[in-house]
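Structural characterization, general
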Amino acid sequence: MARSPLLDRVRSEMRLRGYSIRTEKTYLHWIKRYIYYHKLTHPAQMGAEEVRAFLSWLANEQYVAINTQKTALNALAFLYHKVLSIELGDLDFQRAKRSRRLPSVLSASEVSLILGQLEPRDHLIFSLLYGSGLRITECLRLRIQDIGIEDGSITVRDGKGNKDRKTLLSQKLIPAIQAQIACALPVQEEDNRMGYGPSLPYALHKKYPNAYRQAGWMYLFPSSALSKHLVTGRLCRHHLHDSVPRKALKLAVARAGIQHKRVSCHTFRHSFATHLLEAGRDIRTVQELLGHSDVKTTQIYTHVIGQHFAGTTSPLDAL
């Protein structure tokens, strides 16, 4: 299939501005859907009216969530403003009504039950999600140098919003992490003998040609196979794909017999935040550990545990 010159322009503009590969794929997805919705009409021949119609269609006929519609809007705004240099003006479109649901949260016993069904590598991955409040992509992108064993911390680099942050490292996980490092380093050494190494961010391979040989740059959870870097085209070893732990989690949840809750990788991050607040931790601290830019995002967890009622109890409890 022939490559689209327009999508190539979008891709180049996003990489020039330092957008993540995940955001790039998401934006390209919504731009394609927009083009197909308007029967393959070139976006340069359309404008605010067509964008408004597409966003309203998502809300009225596809019943997408508010955040999904916002993502589609951001993708089209980037296309028109940054790539086509076309101003859309004020878009009076139908807003999505499907609000964000309260997150599903596991109890401590349920977390323990699921972890008990996992093999050592996957057990470590989900222990990090729950013990440090990581997103699955943040966990899989961890490099050896991001693990602070001495000070009990994990450095998350280029997290959501291209932000770095530090979060907690459970002391219980140190032996498992050391064992995982012992598994990852021989993989790097073998790759190095063939002239390969872990994928490096941005143009680091140009500034530091031998960085791929340094142990600190090796992924904690390396992929089982070599692949081409999406940006540079160089053969390298990327981190483990997120589909691998997702499949392991699905099996573990089934074995644990948990059927009354929807459990995903993100459920462990939700549980991390909720359990910290239940233990009396300050919401600003939890906000910082999660990497939320706005405390309002963190406040959803107070709704999960009922803290938004400011300690009010039911009158029935007084009878």
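Here, every reference points to the structure presented above.
Definitions and limits used
Residues numbered from 1 in each chain as written. Predicted model: local features only at pLDDT ≥ 70, side-chain atom pairs only at ≥ 80, totals over all residues. Heavy atoms only, no water. Helix = DSSP H or I, 4+ residues; strand = E, 2+ residues; numbered from the N terminus. Contact = heavy atoms within 4.5 Å. Axes fitted to C-alpha atoms, helices over the stretch in contact; angles between N-to-C directions. Parallel < 35°, antiparallel > 145°, perpendicular 65-115°, else oblique. Left-handed = near helix turned anticlockwise from the far one by under 90°. Nonpolar A, V, L, I, M, F, W, Y, C, P; charged D, E, K, R; others polar. Salt bridge = Lys/Arg side-chain N within 4 Å of Asp/Glu carboxyl O. Buried < 20%, exposed > 50% of the residue type's maximum accessible area, 1.4 Å probe, protein only.

Concerning the environment of L128
Looking at where L128 falls in the secondary structure, it is placed in helix α6 (residues 120–132). Taking the C-alpha atoms as reference, L128 lies 9.1 Å from R269; in sequence the two are 141 residues apart. For L128, the contacting residues outside a window of four places in its chain are G133, L134, C139, L142, I154, L169, L173, I177, L220 and F221.

Observations concerning the packing of helix α11 (residues 265–278) against helix α12 (residues 283–290)
As a packed pair, α11 and α12 sit with axes 10 Å apart at the nearest point and diverge in direction by 160 degrees. Between α11 and α12, the crossing angle belongs to the class labelled roughly antiparallel. Regarding α11 and α12, the two cross each other, and that crossing is right-handed. Note on element contacts: α12 touches α11 through I283, V286, L289 and L290, opposite R269, F272, A273, L276 and L277. Residue composition of the contact of α11 with α12, by class: eight nonpolar, no polar and one charged.

Details of the pattern of salt bridges
Where charged atoms of side chains with opposite charge meet at close range, the side chains can pair. Inspection of the entire model under this criterion finds 15 salt bridges. Its salt-bridge partner being E24, residue R11 comes within 3.5 Å of it at the nearest N-O pair. Here E24 lies in helix α2 (residues 21–37) and R11 lies in helix α1 (residues 5–16), a separation of 13 residues in the sequence. Each member of the pair, R11 together with E24, is buried. The shortest N-O distance in the salt bridge between R193 and E190 comes to 2.6 Å. Residue R193 and its partner E190 are both found in helix α8 (residues 174–193); the two are separated by three residues, about one turn of the helix.

Here we look at the packing of α6 against α8
The contact between α6 and α8 brings their axes to 10 Å, and the two run at 130 degrees. Here α6 lies oblique to α8, going by the angle between them. The handedness of the crossing between α6 and α8 comes out as left-handed. Across the interface between the two elements, R121, L124 and L128 from α6 touch A176, I177 and Q180 from α8. Counted by class, the contact of α6 with α8 contains four nonpolar, one polar and one charged residues.

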